[in-house]
Amino acid sequence: MLRRTFVQSSLAGALAAAARENKMIGIQVGAVSFVDEGVEKVLDIFQQRASVNTLFVATFTYGRGIAGRQVPGQPLPDHGKQEYDTATFRGGNFTKINPAYFRNTALKDFRAPDFGDYDVLEAVLPSARKRGMKTICWFEDVFREDVPNIARLQEKQLNDRNATTLCFNNPDYRAWLLGMVENYARSYDIDGIMWGSERQGAFSNALGASHGGGRGDATRVTCFCSFCERKARERGINPERARAGFQALANFVRDGRARKRPVDGYHVTLWRLMLRYPELLAWEMLWTDSLRETYAAMHKRVKEVKPSVGIGWHIWHNNSFNPIYRAEQDLTELAKYSDFLKMVMYHNCAGERLAGYIRSAAQTIYGDVPEQELLDFHYRVLDYKEKSLAEIPRTGLSADYVYREAKRARMALTGAKTQLWPGIDIDIPTAADHSKCTPDGTRQAVLAAFRAGADGVLLSRKYSEMKLANLGGAGAAMKELG
Ligand SMILES: [Zn+2]
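Residues numbered from 1 in each chain as written. Predicted model: local features only at pLDDT ≥ 70, side-chain atom pairs only at ≥ 80, totals over all residues. Heavy atoms only, no water.

Asks: Could you clarify how one ought to interpret the packing of aromatic side chains in this entry?
Replies: What characterises a pair of aromatic rings is the spacing of the ring centres plus the angle enclosed by the ring planes. Summed over the entire model, instances satisfying the criterion amount to 32 aromatic pairs. Ring centres of F60 and F139 lie 6.5 Å apart, and the angle between their planes is 80°; on these two criteria the pair is classed as edge-to-face. Taken together, the residues span a long stretch of sequence, with F60 in strand β2 (residues 54-61) and F139 in strand β4 (residues 134-140) at a distance of 79 residues. In this structure F139 comes out as buried when scored by relative accessible area, which is 0%. (Phe/Tyr/Trp six-rings, centres within 6.5 Å; stacked < 30°, edge-to-face > 60°. Helix = DSSP H or I, 4+ residues; strand = E, 2+ residues; numbered from the N terminus. Buried < 20%, exposed > 50% of the residue type's maximum accessible area, 1.4 Å probe, protein only.)

The following block contains the structure:
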């Protein structure tokens, strides 16, 4: 080899290695995996199989999406305890709770009893530190109905019943969220905190504009609690008009689901409702702004108590399907209080989920548009080039989808300091006859994210549902990059 070529190629190699060093390779993992498999063994697997340098430890949730073993009905992966935890899973907070940070909230009793007084951060942090791995606390907006005092924090539905979801405008919930980030930041030597809320406002919810959105009863939309109504009045929105508008919208959706076509068609009738009741959109934006204010308040609290701790958000997969929800994920706005954003780009389960969204929206917003035409329209407006509606549940979406989504987010974040970490799908459950992850699919998705300029990738949703070979696909991509 000529000396100059040798110098150039080793320089290129060094630069590539340096670039890889700076990239965040994260994985989401719940307490059960460390309990079942042992901390050192799990961390060995992460480092050896996938070059992971950052742990996203699920420290709080009542859901099974990020905590617990494989969900029932799905095949067990090739590691971990070979059984389901259906009967034993409860959830809650998997670390110690300092009551000093929860004085201003009625929600005080939320320690996960699943593993006694096991504290996942105490168990993992020393080993992670020794290996030079970072640790981020990862928690989500998912609750049970039998948590003590929870009813005081719950959202109110249009039909006046309590929802299982909690209200961002309820001072008890706001205080709890701020207590959570303070508890983690002050009590543990962590590198960051990520929180996620996989929800949207009443307008999109009524229309079933999400994957899995076709099942909802439109009179169950939120939030009409006294805190939200007061906030609405302060903004000049009349809550009674909003309720009347949402009741009319619920009737429109009920008829659409029953395939009773309005005289002037679905799209025209929906526009007539929106023009008659501008409160429909105002209420949607009230909800979205309340979420943004929650993000900003949590960010502020962390910066006050420990500025070195980064804080950012998991952005729901619906961002890839519903244009209304995408419009609400204004990254220029979010960047102001986000040290990082995990933008969900789960390529494999996206096929099944996008098809689900289309089938739901095809009975409401676009009730007159044949489903394949509706999907083609979405490919245009969302800027995807993917397969037909009949195919995508069985093929998933391509790495090109990940590239386009990461590229779009990268451009939207131009000039911002916010780190962009696409969420990559490894074995997120799909129906038995639908597309499954493969090592090469994972590899290509990771490469696409970096080709689009991502600062890292976050392997999702939880290690306890991942097959080791598919995790290895991420490692293969990192080797190619380095
Ligand atoms: Zn409310």
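Asks: Please clarify how the nonpolar core should be interpreted in this entry.
Replies: Buried together is how nonpolar side chains tend to be arranged in soluble globular proteins. Formed by 136 residues in total, the largest nonpolar core has its most connected members in F46, F139, W176, I193, L459 and L471. Setting aside chain neighbours within four positions, we find L471 in contact with I27, I45, F46, R49, A50, I426, L459, Y463 and M466. Counting ten residues, the second largest nonpolar core, distinct from the first, contains A58, W138, F340 and W421. (Core = buried A, V, L, I, M, F, W, Y, C linked by side-chain atoms within 4.5 Å. Contact = heavy atoms within 4.5 Å.)

Asks: What's the story with helix α9 (residues 266-276) in this structure? I'm lost.
Replies: Residue pairs three or four apart in sequence face the same way in an α-helix, which turns once every 3.6 residues. If you check which residues of α9 are buried, you get Y266, T269, L270, L273 and M274. Buried positions in α9, seen along its axis, are confined to an arc of 140° and lie on one side of it. Exposed and facing more than 90 degrees away from the buried side of α9 are L275 and R276. Packed against the buried residues of α9 are α6 (202-206), α8 (239-257) and α10 (279-305). (Arc of directions from axis to C-beta.)

Asks: What exactly am I supposed to notice about the layout of surface pockets here?
Replies: Looking at the largest pocket, its volume works out to about 1300 Å³. In this structure, the largest pocket is lined by 41 residues; those nearest its centre are T165, E198, R199, N205 and W316. Of all the elements in the fold, those that place two or more residues in the lining of the largest pocket are β4, β6 (162-166) and β9 (340-344). Considering every element that reaches the lining of the largest pocket, the biggest residue donor is β6, with four residues. (1 Å grid on protein atoms, 1.4 Å probe; cavity = no way out; pocket = protein on both sides within 12 Å on 5 of 7 lines; lining within 4 Å. Points joined across faces, edges and corners; volume = space filled by probe spheres on them.)

Asks: Would you mind showing me how to read the coordination of the zinc ion here?
Replies: Think of it this way: four donors in a tetrahedron around the metal ideally sit 109.5 degrees apart, and six in an octahedron ideally sit 90 or 180 degrees apart. The protein atoms that coordinate the zinc ion are C167 (SG), C223 (SG), C225 (SG) and C228 (SG), at distances spanning 2.2 to 2.3 Å. For the zinc ion, the four donor atoms are set out with angles of 97 to 117° between them, so the coordination reads as tetrahedral. Within one chain, the residues donating to the zinc ion are spaced in sequence as C-x55-C-x1-C-x2-C. Taken together, the residues span a long stretch of sequence, with C167 in the loop between β6 and α5 (171-187) and C228 in helix α7 (residues 226-234) at a distance of 61 residues. Since its relative accessible area comes to 4%, C228 is described here as buried. (Donors = N, O, S within 2.8 Å, 3.2 Å for Na, K, Ca; no water. Tetrahedral: all angles 85-135°; square planar, octahedral: opposite > 155°, others 65-115°.)

Asks: Mind showing me how you'd approach the packing of α5 against α10 here?
Replies: Helix packing for two helices is described by the angle between their axes and how far apart those axes are. At their nearest, the axes of α5 and α10 sit 9 Å apart, and the two run at 30° to each other. When the axis of α5 is compared with that of α10, the two are roughly parallel. Considering the relative orientation of α5 and α10, their crossing is right-handed. Residues R174, L177, L178, V181, E182, A185 and R186 of α5 form the contact with α10, whose participating residues are S290, E293, T294, A297, M298, R301, V302 and V305. Tallied by class, residues from the contact of α5 with α10 come to eight nonpolar, two polar and five charged. (Axes fitted to C-alpha atoms, helices over the stretch in contact; angles between N-to-C directions. Parallel < 35°, antiparallel > 145°, perpendicular 65-115°, else oblique. Left-handed = near helix turned anticlockwise from the far one by under 90°. Nonpolar A, V, L, I, M, F, W, Y, C, P; charged D, E, K, R; others polar.)

Asks: I'm lost on helix α16 (residues 399-412) in this one. Help?
Replies: Between its terminal C-alpha atoms α16 stretches 20 Å, which fits the 20 Å expected from 14 residues at 1.5 Å a residue. Among the residues of α16, A399, Y401, V402, E405, A406 and A409 are the ones counted as buried. Buried residues of α16, seen end-on, are gathered within an arc of 150° and therefore sit on one face of the element. Structurally, the start of α16 carries an N-cap: the backbone nitrogen of D400 is 3.2 Å from a side-chain oxygen of S398. (Expected span 1.5 Å × (residues − 1). Polar contact = N/O pair within 3.5 Å; in protein donor to acceptor, adjacent residues only side chain to side chain.)

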